[in-house]
Amino acid sequence: MSSRALKKLGGKSLEDELKKLDINVSSEGEQEEVSEDESQPVANQPKFNAFAFLNGDDEDEEEDADEDQQEVKEDSQAKKVVKQPPQTTESSKKKSKKKKKGKGKSRSATPATEKEEEDDDDIDKILAQVKQQEQETKPTIETFDFEEEYDSTLEPFEVYDSNFKNFTTERLKKSLPLLSIKSFKNLDQDQEYKNLFGNSLSSELIEDANSTTSLAISPEVLQQFKKMGKMIRNWGGKDRRSIPGTSRKLLLSKIRDDWLPTQLKSVTMEELSEDDVFELLKYKEDDIEESDLHVKVTKERNLGVRYFRFNKVNDTKSRVANTRFYAATVLTPDPESLMQMLQVNPYHQETLLQVAMVLLRQGDNKATSNALIERALFTFDRSFHKNFHELLSSAENGLVRLPFEFFSNRQFYLNLFRYIVSLGERSLFETALTFCKFLLSLAPAEDPMGVRYFIDFYCIISEEFDYLIQLSKSPLVTCYTRWYSPGIAFSTVLACLHLNKLEDAEKELQRAFEAYPYVAYKLLTDVALSSVAGVKESDFKVTNEVAVSAETYLVRAKLLWQKHLDFLSTNLEKLFQTKHKPTSSYSLFGFFKSNNDESSKESPFNLIRFAILSGENKIMAKLPKSIWTRDDLLEFDVLPPKEEQENLFGSKKICDSLIDYVDQNLLGAIVQENTRRNDLQVSPEEVAALEAAFREAEEPVD
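Residues numbered from 1 in each chain as written. Predicted model: local features only at pLDDT ≥ 70, side-chain atom pairs only at ≥ 80, totals over all residues. Heavy atoms only, no water.

Looking at this structure, I do not really get the overall build of the protein chain. What am I missing?
Of the regular secondary structure elements, the protein chain holds 36 helices and five strands. For the protein chain, the proportion of its 702 residues judged to be buried stands at 45%. The long-range fraction of contacts in the protein chain, counting pairs at least 24 apart against all pairs at least 6 apart in sequence, stands at 73%. On the protein chain, roughly 39,000 Å² of surface is accessible, and the fraction owed to carbon and sulfur atoms is 49%. (Helix = DSSP H or I, 4+ residues; strand = E, 2+ residues; numbered from the N terminus. Buried < 20%, exposed > 50% of the residue type's maximum accessible area, 1.4 Å probe, protein only. Contact = heavy atoms within 4.5 Å. Areas by Shrake-Rupley, 256 points an atom, 1.4 Å probe, with all protein chains shown as cover.)

How should I be thinking about the sheet that holds strand β3 (residues 400-401) in this particular structure?
The pairing of strands in a sheet comes from backbone hydrogen bonds and takes either a parallel or an antiparallel form. Taken in spatial order, the three strands make up an open sheet running β1-β2-β3, and their pairing is mixed. With one partner strand each, in any of the chains shown, β1 (267-271) and β3 form the two edges of the open sheet. Sheet topology note: the strand β2 (residues 306-312)/β3 ladder contains two bridges and is parallel. By the bridge assignment, Tyr307 is partnered in β3 with Arg401. Of the strands in this sheet, β1 and β2 are in contact with helix α21 (residues 407-425), which crosses β2 at around 100 degrees. (Pairing = 2+ DSSP bridges. Axes fitted to C-alpha atoms, helices over the stretch in contact; angles between N-to-C directions.)

Can you walk me through the confidence of the model for the protein chain in this structure?
Residue-level pLDDT values for the protein chain average 79, and 70% of them are 70 or greater. pLDDT under 50 marks residues 20-68. Its contacts with residues more than four places away, or in other chains, come to 39 contacts. With pLDDT under 50 throughout, residues 584-600 is counted as low confidence; its partners more than four residues away or in other chains account for 44 contacts. (pLDDT = per-residue confidence, 0-100.)

I tried to follow helix α13 (residues 219-231) on my own but got confused; where do I start?
At 3.6 residues per turn, the α-helix brings residues three or four places apart onto the same side. With 13 residues, α13 should reach 18 Å at 1.5 Å per residue; the first-to-last C-alpha distance of 19 Å fits that figure. Listed as buried for α13 are Leu222, Phe225 and Gly229. Here the buried residues of α13 occupy an arc of 55 degrees about the axis, which is enough to place them on one side. Opposite the buried face of α13, by more than 90 degrees, sit the exposed residues Glu220, Lys227, Lys230 and Met231. (Expected span 1.5 Å × (residues − 1). Arc of directions from axis to C-beta.)

Can you walk me through a negative patch on the surface in this structure?
A cluster of acidic residues, Glu270, Glu274, Asp275, Asp276 and Glu279, forms a negative patch at the surface. Mapped onto the fold, Asp276 is located in helix α14 (residues 274-282). (Patch = residues over 30% accessible without salt bridge, like charges linked within 9 Å, V, L, I, M, F, W, Y side chains within 5 Å. Salt bridge = Lys/Arg side-chain N within 4 Å of Asp/Glu carboxyl O. Lys, Arg positive; Asp, Glu negative; His and termini not counted. Charge placed at Lys NZ, Arg CZ, Asp CG, Glu CD.)

Explanation requested: the packing of helix α16 (residues 316-331) against helix α18 (residues 349-362) in the structure shown.
Helix-helix packing is described using two parameters, namely the angle between the two axes and the distance between the axes. One can describe the packing of α16 onto α18 by two numbers: an axis separation of 10 Å at closest approach and a directional angle of 30 degrees. With respect to α18, the axis of α16 lies roughly parallel. Judged by the sense of rotation from one axis to the other, the crossing of α16 with α18 is left-handed. Judged by residue contacts, Asn322, Phe325 and Thr329 of α16 engage Glu350, Thr351 and Gln354 from α18. Each residue belonging to the contact of α16 with α18 can be placed in one class, and the counts come to one nonpolar, four polar and one charged. (Parallel < 35°, antiparallel > 145°, perpendicular 65-115°, else oblique. Left-handed = near helix turned anticlockwise from the far one by under 90°. Nonpolar A, V, L, I, M, F, W, Y, C, P; charged D, E, K, R; others polar.)

It is not clear to me how the nonpolar core should be interpreted in this structure. Could you clarify?
Most often, soluble globular proteins have nonpolar side chains that are buried together. Core analysis: the biggest nonpolar cluster contains 149 residues, and Leu252, Phe412, Phe438, Phe490, Leu523 and Trp561 have the highest contact counts within it. The dominant element in this core, judged by the number of residues it contributes, is α21, at nine residues. Beyond its immediate chain neighbours, meaning those up to four positions away, Phe490 contacts Leu509, Ala512, Phe513, Tyr516, Val519, Ala520, Leu523, Tyr553 and Trp561. By size, the runner-up hydrophobic cluster in this structure holds eight residues, among which are Ile232, Leu250, Ile255 and Phe378. (Core = buried A, V, L, I, M, F, W, Y, C linked by side-chain atoms within 4.5 Å.)

Just checking my understanding: could you explain the layout of surface pockets for this structure?
Here the idea is plain: a probe the size of a water molecule rolls over the atoms and shows the empty space left. In this structure, the second largest pocket spans a volume of roughly 1,000 Å³. Lining the second largest pocket are 29 residues, and of these Tyr160, Phe164, Lys284, Glu446 and Phe605 sit closest to its centre. Looking at the lining of the second largest pocket, its residues break down into 10 nonpolar, six polar and 13 charged. (1 Å grid on protein atoms, 1.4 Å probe; cavity = no way out; pocket = protein on both sides within 12 Å on 5 of 7 lines; lining within 4 Å. Points joined across faces, edges and corners; volume = space filled by probe spheres on them.)

Honestly, the pairing of β2 in this entry has me stumped. Any pointers?
Taken across its seven residues, β2 has six buried, putting it largely inside the fold. The pairing of β1 with β2 spans five bridges and is antiparallel. Across the sheet, Met269 pairs through a bridge with Phe310, a residue of β2.

How should I be thinking about empty space enclosed by the protein in this particular structure?
For the coordinates displayed, the defined rule picks out nine cavities of 30 Å³ or more. Here the largest cavity defines a volume of roughly 330 Å³. Along the walls of the largest cavity sit 23 residues, with Leu281, Glu300, Tyr307, Arg401 and Ala445 positioned nearest its centre. Broken down by secondary-structure element, the contributors of at least two residues to the lining of the largest cavity are α10 (169-179), α14 and α15 (290-303).

Would you take a moment to explain the side chain of Glu300 for this structure?
As for its placement among the helices and strands, Glu300 is situated in helix α15. For Glu300, a relative accessible area of 9% puts it in the buried group.

When you look at the packing of aromatic side chains in this model, what are you seeing that I'm missing?
The geometry of two aromatic rings is summed up by the distance between their centres and the angle between their planes. Per the stated rule, a full pass over the model turns up 38 aromatic pairs. With a centroid separation of 4.8 Å and 55 degrees between ring planes, the pair formed by Tyr480 and Trp483 is classed as tilted. A network of ring pairs unites the aromatic residues Phe146, Tyr150, Phe157, Tyr160, Phe164, Phe167, Tyr480 and Trp483 as a single cluster. Against the face of Tyr347 rests Arg375, its NZ or CZ located 6.0 Å from the ring centre. Taking the ring centre of Tyr484 as reference, the NZ or CZ of Arg511 above it sits at 4.1 Å. (Phe/Tyr/Trp six-rings, centres within 6.5 Å; stacked < 30°, edge-to-face > 60°. Lys NZ or Arg CZ within 6 Å of the ring centre and 35° of its normal.)

Mind showing me how you'd approach the pattern of salt bridges here?
Here the idea is simple: oppositely charged side chains can pair when their charged atoms come close. Counting across every chain of the model gives 32 salt bridges. A salt bridge links Arg556 to Asp456, with the nearest nitrogen and oxygen atoms 3.0 Å apart. Separated by 100 residues along the polypeptide, Arg556 in helix α29 (residues 544-560) and Asp456 in helix α23 (residues 455-461) bring together distant segments of the chain. For Arg482, the salt bridge goes to Glu545, with nearest N and O atoms at 2.8 Å. Of this pair, Arg482 sits in the loop between α25 (475-478) and α26 (486-498) while Glu545 sits in helix α29, and the two are 63 residues apart along the sequence. Residue classification places Arg482 among the buried positions, given a relative accessible area of 6%. Among the residues examined, Glu545 registers a relative accessible area of 2% and is labelled buried. A cluster of three or more residues bridged by salt bridges with shared partners is formed by Glu147, Lys296, Lys299 and Glu300.

Following this line, the structure appears as structure tokens:
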């Protein structure tokens, strides 16, 4: 055994250990002569096995020696009695061969070799003792797992910590069944139509609906598209789910007849390495050491969690499209320019989603808007990484992560959010709930789009009462007080009522009341149309977060509580009569604590994103005025993550945005052109009218 190997095993210098045991070492590294008593081996003493000791034998050496002697006697007696040994396995044959080989050596051994074996025995003993000392001192360091401390914490955290460490890997494992979509077929809206109408809805009728165009396209152009589709291998197929260039199928969308057939992709997808994931979590970590963060990454990896990111195709055509989109939305909003861009770049995701919203606001053209949203979803669907596709198709979507720090990932989040809204408008509530689970599973801790503020609505409407009750008691809700949103709190009461669990409903209502007394008061007065003497709205100290989160539930509460108004009014009246406290006693989420914590008054970004993207005027009206003065409230990228300056120096940049994918020269030219027009102080229409007038004036007069 080399000295390097000895140091690796023992961790200390061999000479130092020999000195501790009063064994002298010469300068040449050879052991000096010892007394005759020490050098002579004990009679019938078996050779010490250091490897057995390293494997964890804790018994005394004397006991091991006695046992070995007894085994040797038994083996020798057995060999004398048994003439024909039974058939042995391959491993036992190898062992027997080794024993025979060892015996041969011992017969021909010289006194010098016996001396070397005795020295080896001493070295093995020393190494074993060193290893034992290390095992006694290191376990507390090597086996330490900071997640075990969080797992032992039962109370929810009131303030978000970096990387949401209270949502441990073990708690994620328990939550996987609630995040699962069960089957990728549940993502197909046609499947819900079949469940609703049964056999009366034929496949021919579904195919006819899928082939209907929603955009203004002429029959001639439509025929050209169909011819082009036949020329591209695997474009659509019979099920409209074939992806060009691969044997995989689309999971979220179907190819429509009025989509331009093309093999070009708008985005690509890659899987992040373990080092990339570590750097991603490290840039926003401010609590634990890097070694502890490695523990979290490793445990997630062992569970099967995988991180992915979409990457924009960064060619010249795409950069021009990005630049023109940026100019038409950020510099000078121009919806007409966006419409023209869509004709030139029919699969530019940002333009598709922005035009879809323009159509809703201006013309209330929901059919065309939904078609554009689905086309944008197709651009992501066709670009799924192989591993991402396999996890999603096997309904293991709870193991997939899409970090919100990457711009194209955020576009996918926005696309899913828009699609959920469009499904709800078409009364496809079961499919919408499945997409809610999918959207939440992509970042269950961060929940950047605020799924916890609206998933309860789709649970109640689609009659998934048991699921909502399980969700409210799962780590997905109980780890942080903010995760127990007003919607989940009060809709869980409704779920119990629908299941005729009256006693559970009363308990859940008391829990919701203690967490959100202000929301309970608004439900009593505005929904149940009742009141309690001595209780008025001024009794509650309402923070910005409470006001906004309360409105996310109150805007749909009347629809949900229509059949149970008597229960609501009766029980809320009792709770206010028995548990109502003065204004200063209510905390942000109940529990009757102080309201002086400034950090609890800040609204989380996912709540603000949901309030803005929901388009509900009542919700947006509750947002503080300071929110509207921010420069990062872009409709296509609301409140994007940003790195602090100190994180950028000496480290890899994590977050990106649309400005990273524009052509700076083209953008500068557009800015100059806009500046020239502003100096003229005339609109483009006025410029065109003036040019026409000049041309008319220059024509010769007859």
